[in-house]
Amino acid sequence: MSSLSPKIHTSWLQALQSEFEKDYFTSLKSFLVEEKSKHRIYPPGSQIFAAYDYTPFHEVKAVILGQDPYHGPGQANGLSFSVSDGVTPPPSLKNIFKELNDDLGLPIPEKGNLEKWAAQGVLMLNSVLTVRHREAGSHRNQGWEEFTDATIKTLSEERENLVFILWGKFAQSKKELIDSRKHHIIESPHPSPYSANSGFFGSHPFSKTNKYLKSVGKEPIDWKL
């Protein structure tokens, strides 16, 4: 673990202990060590598991599933769709903020750092947790998907009344890992400029999440950034 990242919350180390001991995870670690010796990798090592570190296992209320990290300099910070302070929000995140404004009337944030959501129990999970500089999707099929699928499955099996927010076909392909009898699933097209107008805008995921959380006696998310 230490060669990957020193920061992952102990609750996740316990919940996913068996995953860290599997052969695929050993191979993944070797792959990342090799990659780091030859390429710039995002996010920085200390932020690879940021989603897990900000949102402990037993505090998860909702999951927003992304695909893989932003691959531009300084963008990725380990949380899906989020960017580091001082980085202009990318197009998909701008559309998320437009929908936030339309859904809840909140002002459109100037910063794209979503740590505040993560700290309130929104697991901002990418399916793949690392990427090579300027090479989108370059770390797919190296083991990350197995690890994050196990994350979703473990949450589904061991927790109750969570909200899974699935934007786009890729995220929706993970539905089979979620027990819909125990959890609430919100689906829409992806917030990307290519698909946002075909049903993401007007989908009101933020108010729907809070409505469900309140219905099961949980504190709603303060979505204001």
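Scroll up to find the structure.
Criteria and thresholds
- For every chain, the first residue of the written sequence is number 1, and numbering continues from 1 along that sequence.
- Since the coordinates come from a predicted model, pLDDT governs what is reported: local features require at least 70, and pairs of side-chain atoms require 80 or more to be given and counted, while whole-chain, interface and lining totals use all residues.
- The side-chain figures draw on all heavy atoms in the structure; neither hydrogens nor water molecules are used.
- Strand pairing is defined by DSSP finding a minimum of two bridges between the two strands.
- Secondary structure elements are defined from DSSP: runs of H or I of at least 4 residues count as helices, runs of E of at least 2 residues count as strands, and each element is numbered from the N terminus.
- Axes here refer to lines fitted to C-alpha atoms; in helices the fit is confined to the stretch in contact. Angles between the N-to-C directions go from 0 to 180 degrees.
- Note on contacts: a residue pair qualifies if any of its non-hydrogen atoms lie within 4.5 Å across the two residues.
- Site definitions follow a grid-based scheme: protein atoms alone, a 1 Å grid, a 1.4 Å probe that fits but cannot get out for cavities, and for pockets an open set with protein on both sides within 12 Å along at least five of seven lines, plus lining residues having an atom within 4 Å of a point.
- Grid points are joined across faces, edges and corners, and a volume is the space filled by probe spheres set on the points.
- Any residue that is not Ala, Val, Leu, Ile, Met, Phe, Trp, Tyr, Cys, Pro, Asp, Glu, Lys or Arg is counted as polar, Gly included; the first ten are nonpolar and the last four charged.
- Each residue's exposure class comes from its accessible area (1.4 Å probe, protein chains only) as a fraction of the maximum for that residue type: buried when under 20%, exposed when over 50%, partly exposed otherwise.
- Planes of paired rings set the category: under 30 degrees apart is stacked, over 60 is edge-to-face and the rest tilted, where pairs are Phe, Tyr or Trp rings (Trp by its six-membered ring) whose centres lie within 6.5 Å.

Q: Is there a simple way to think about the sheet that holds strand 5 (residues 163–167) in this case?
A: Taking strand neighbours across the sheet as the criterion, the 4 strands line up as 3-2-5-6 in an open arrangement whose pairing is parallel. On the outer flanks of this sheet lie strand 3 (122–126) and strand 6 (184–188), each paired with one strand and no other. Taking each pair of neighbouring strands and ignoring which way they run, the sheet shows an average axis angle of 20°. Looking at chain direction, strand 5 and strand 6 are connected through 5 bridges and run parallel. Considered in strand 6, the bridge of Ile165 is made with Ile186. Along the sheet face, helix 7 (residues 144–158) touches strand 2 (62–66), strand 3 and strand 5 and points at about 150° away from the line of strand 3.

Q: Quick question: what am I supposed to make of the layout of surface pockets here?
A: It is a probe the size of a water molecule, rolled over the atoms, that shows where empty space is left. In this structure, the largest pocket occupies an estimated 600 Å³ of space. Elements with a minimum of two residues in the lining of the largest pocket: strand 2, helix 5 (91–104) and helix 8 (168–172). No other element matches the 4 residues that helix 8 contributes to the lining of the largest pocket. For the lining of the largest pocket, a count of residues per class yields 14 nonpolar, 15 polar and 3 charged.

Q: Could you clarify how one ought to interpret unusual backbone geometry in this entry?
A: With the exception of glycine, most residues fall at negative phi, and the peptide bonds are largely trans. Residue Pro43 is reached from Tyr42 by a cis peptide bond, and omega for that bond is -10°. Take Pro43: it is sitting in the loop between strand 1 (41–42) and helix 4 (50–54). In this structure, Phe81 is a non-glycine residue whose phi angle is positive, near 70°. The topology assignment puts Phe81 in the loop between strand 2 and helix 5. The class of Phe81 is buried, set by a relative accessible area of 9%.

Q: For this particular structure, what's the right way to read the side chain of Ser84?
A: Mapped onto the fold, Ser84 is located in the loop between strand 2 and helix 5. Given a relative accessible area of 18%, Ser84 falls into the buried group.

Q: How do you make sense of the packing of aromatic side chains when you look at a structure like this?
A: Counting across every chain of the model gives 18 aromatic pairs. Residues Tyr52 and Phe147 carry aromatic rings whose centres are separated by 5.6 Å and whose planes lie at 50° to one another, so their mutual orientation is tilted. Taken together, the residues Tyr52 in helix 4 and Phe147 in helix 7 connect sequence positions 95 residues apart. In terms of burial, Tyr52 and Phe147 fall into one category: buried. Taken together, a centroid distance of 6.1 Å and an interplanar angle of 65° make the contact between Trp144 and Phe147 edge-to-face. Linking Trp144 with Phe147, this pair stays in helix 7, spanning 3 residues, or about one helical turn. For Phe147, a relative accessible area of 0% puts it in the buried group. Taken together through their ring pairs, the aromatic side chains of Trp12, Phe20, Tyr24, Phe25, Phe49, Tyr52, Phe57, Trp144 and Phe147 make up a single cluster.

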